[in-house]
Protein chains: 4
Amino acid sequence: MELRVRFAETDAMGIAHHAAYVVYLEAARIEWLRTLGLSYRDLEASGVSFAVTEVSLTYRTPARFDDLLRIDVTLTERRSRGLRFGYRLHALASPEPRLIAHGTTLHVATDRAGRAIRLPEAWATRLDAATAGGAC
Amino acid sequence: MELRVRFAETDAMGIAHHAAYVVYLEAARIEWLRTLGLSYRDLEASGVSFAVTEVSLTYRTPARFDDLLRIDVTLTERRSRGLRFGYRLHALASPEPRLIAHGTTLHVATDRAGRAIRLPEAWATRLDAATAGGAC
Amino acid sequence: MELRVRFAETDAMGIAHHAAYVVYLEAARIEWLRTLGLSYRDLEASGVSFAVTEVSLTYRTPARFDDLLRIDVTLTERRSRGLRFGYRLHALASPEPRLIAHGTTLHVATDRAGRAIRLPEAWATRLDAATAGGAC
Amino acid sequence: MELRVRFAETDAMGIAHHAAYVVYLEAARIEWLRTLGLSYRDLEASGVSFAVTEVSLTYRTPARFDDLLRIDVTLTERRSRGLRFGYRLHALASPEPRLIAHGTTLHVATDRAGRAIRLPEAWATRLDAATAGGAC
């Protein structure tokens, strides 16, 4: 997934603010699910959310306004009630992409009341197939 | 209502990003209602929202990181289904406050389905009393 | 220019927060300039900014998480030191796009010290050609 | 340091978006430094930044719109060129505060060119005194 650093996302240091990356990870995760045919919007509409329980990010080099970033998403762990994703962000600079940051997020499936529940069967199946096929 | 410009709210020009002001207006509006004994949180919980239908802002001088801002809120119009607020933002600089921006927002009361409804009676009464008393 | 409403940009009403639109306008404006061969990033690097002096937005229908939005940008006024843009945001829904919001922004060219200056000659020429050619 | 969850910081799940916490940590860190007589604004003006190199957050229970949060900041490590802070966020609910999240951030002092440098002497001295005195 590719996106551009917005001017609004920069800070007075002239670089993308470190909180903006957390939003980038989310956008990339949702696009990655879409490529598997899984709509997070539909999941939400059905009353299931992937609540975020952990975020961890390591920043390597700054991203600047208007940089085009590529975010690679990997499903690194599939539990009965949760998921862990890994991410690597590169700026598409020449002569070669430059590593900006990497990180992980941990999620638990919840119902509308915020209680942990099992992943919906269709999602579990699709995610397992994707993982087995090497898509992540 | 007073608040400090957060570092995350600045941009690469070194000043508070113009979108951050829209968030400041909202925070100030909600605090102003609180001073009248009106909890927007409770209103939301009861299924009523004040949907924003117009925002207008004029920027006069930049606000910078860590500036302490004072936001004065005025209820400028009370309709059966809507409200208009006026705002003036000053940076608390010496020797005297410096005008940062001024603006207005227009709101319509809506139910959970997003349909326009009349303001709840208790809110209308309290807002009228505040206006009559010169609080705004 | 097209973009998707990010989950982080929604609020507890389940819709895109009204401040997020101000960021969308900025992203669309910068992309529109890019289509004219004008890089706002390069302009900034040369010490010239387009400071925002007015923002005005009218919200018609809510945008929701994951909605794909199309933002049409028009240069509506070209002064010696400033620019005014107009915007129309549609959600790309079926059977036809749905109007989400429209608005305007006013900008003044400034140097690094924040003083109003004339638009760089190359920018003025390019913008006038675009306008004359009906591109906006 | 106390702050209120802004409506703009909530998401369609009705809770504070997980990226907002990263901004809270920053605001709390800067207020904590202020209590030691250290102005991050002045540090920035002198050309020194505390670039963020790691962020880690664990989310325990959701924070909701209008919740009043207390953020406790601890300096957990003082290196020649960097700092590590720990944070605990509580919602000030009755009968007792509820743990919302905890986390850490790692920072490196940098000059305007982004190169790692030693902490300014005055800052190192003040931070060490604070730590020794049990302030953190």
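Before reading on, note that the structure itself is shown above.
## Brief notes about helix α1 (residues 20–35) of chain A
Residue and element names in this part refer to chain A.
So, point 1. An ideal rise of 1.5 Å per residue puts 22 Å on 16 residues; α1 measures up with 23 Å between its terminal C-alpha atoms.
So, point 2. Among the 16 residues that make up α1, 13 are buried, leaving the element largely enclosed by the rest of the structure.
So, point 3. At the C-terminal side of α1, G37 shows a positive phi close to 85 degrees.

## Side note on the interface of chain D and chain C
So, point 1. Taken together, the contact between chain D and chain C spans 8 residues of the former and 8 residues of the latter.
So, point 2. For the chain D and chain C pair, buried surface summed over both sides reaches about 710 Å², with 74% attributable to carbon and sulfur atoms.
So, point 3. In this structure, the connection of chain D to chain C is made through 4 residue pairs in polar contact (both at pLDDT 80 or more).

## Some remarks on unusual backbone geometry
So, point 1. With an omega of 5 degrees, the peptide bond between S94 of chain A and P95 of chain A qualifies as cis.
So, point 2. Residue position: P95 of chain A is located in the loop between β4 (82–91) and β5 (98–110).
So, point 3. The phi dihedral of D66 of chain C falls on the positive side, at around 75 degrees, and the residue is not glycine.
So, point 4. Mapped onto the fold, D66 of chain C is located in the loop between β2 (49–59) and β3 (68–78).

## Some details on the sheet that holds strand β1 (residues 2–4) of chain D
So, point 1. Spatially, 10 strands are ordered β1(A)-β3(A)-β4(A)-β5(A)-β2(A)-β2(D)-β5(D)-β4(D)-β3(D)-β1(D) in an open sheet, and the strand pairing comes out antiparallel. Among the strands making up the open sheet, the edge pair consists of β1 (2–4) of chain A together with β1 of chain D. Strand-to-strand twist across the sheet, computed as the mean angle between neighbouring axes with direction ignored, equals 25 degrees.
So, point 2. For strand β2 (residues 49–59) of chain A and strand β2 (residues 49–59) of chain D, the ladder comprises 5 bridges, and the chain directions are antiparallel. Note that in β2 of chain D the partner of S56 of chain A across the bridge is S56 of chain D.

## What about the relation of the copies chain D and chain A?
So, point 1. Rotating chain D by 180 degrees and moving it 0.0 Å along the rotation axis overlays it on chain A with an RMSD of 0.0 Å. These values place the two chain copies in the arrangement generated by a two-fold rotation axis. Across chain D, the smallest distance between a C-alpha and the rotation axis is recorded for S56 of chain D, namely 2.1 Å.
So, point 2. Taken together, the interface assignments show that 100% of the residues at the interface of chain D recur at the interface of chain A, consistent with an identical surface on both copies.

## Some words on the side chain of R6 of chain A
So, point 1. Mapped onto the fold, R6 of chain A is located in the loop between β1 and α1.
So, point 2. What makes R6 of chain A buried here is its relative accessible area of 11%.
So, point 3. Every residue in contact with R6 of chain A, bar those within four places of it in the chain, is listed here: Y24 and F65 of chain A together with L3, R6, E9, V23, Y24 and A27 of chain C.

Thresholds applied
- Numbering of residues starts from 1 in every chain and runs along the sequence as written.
- For this description, chains carry letters from A and ligands carry numbers from 1, given in the order in which they are written.
- The predicted origin of the model limits local features to residues at a pLDDT of at least 70 and limits the giving and counting of side-chain atom pairs to 80 or more, whereas totals for whole chains, interfaces and linings rest on all residues.
- Derived side-chain values reflect all non-hydrogen atoms in the structure, with water molecules and hydrogen atoms excluded from consideration.
- Going along the chain from the N terminus, every DSSP run of H or I of four or more residues is numbered as a helix, and every run of E of two or more is numbered as a strand.
- Multiplying one less than the number of residues by 1.5 Å gives the expected span of a helix.
- Buried means the residue's accessible area, taken with a 1.4 Å probe over protein chains only, is under 20% of the maximum for its type, while exposed means over 50%, and partly exposed covers the values in between.
- Contacts between residues were defined by any pair of non-hydrogen atoms, one from each residue, lying within 4.5 Å.
- In short, buried area is how much 1.4 Å probe accessible area vanishes from two parts on joining, totalled over both.
- Identification of polar contacts relies on pairs of N or O atoms within 3.5 Å, with a donor-acceptor requirement for protein atoms, meaning one able to donate a hydrogen and the other able to accept it, and with residues adjacent in sequence counted only if both atoms are side-chain atoms.
- For two strands to count as paired, DSSP must find a minimum of two bridges between them.
- Every axis in this analysis is a line fitted to C-alpha atoms, fitted for helices over the stretch in contact. Angles between the N-to-C directions lie between 0 and 180 degrees.
- The copies are overlaid by a least-squares fit using only the C-alpha atoms of residues whose pLDDT is at least 70 in both copies.

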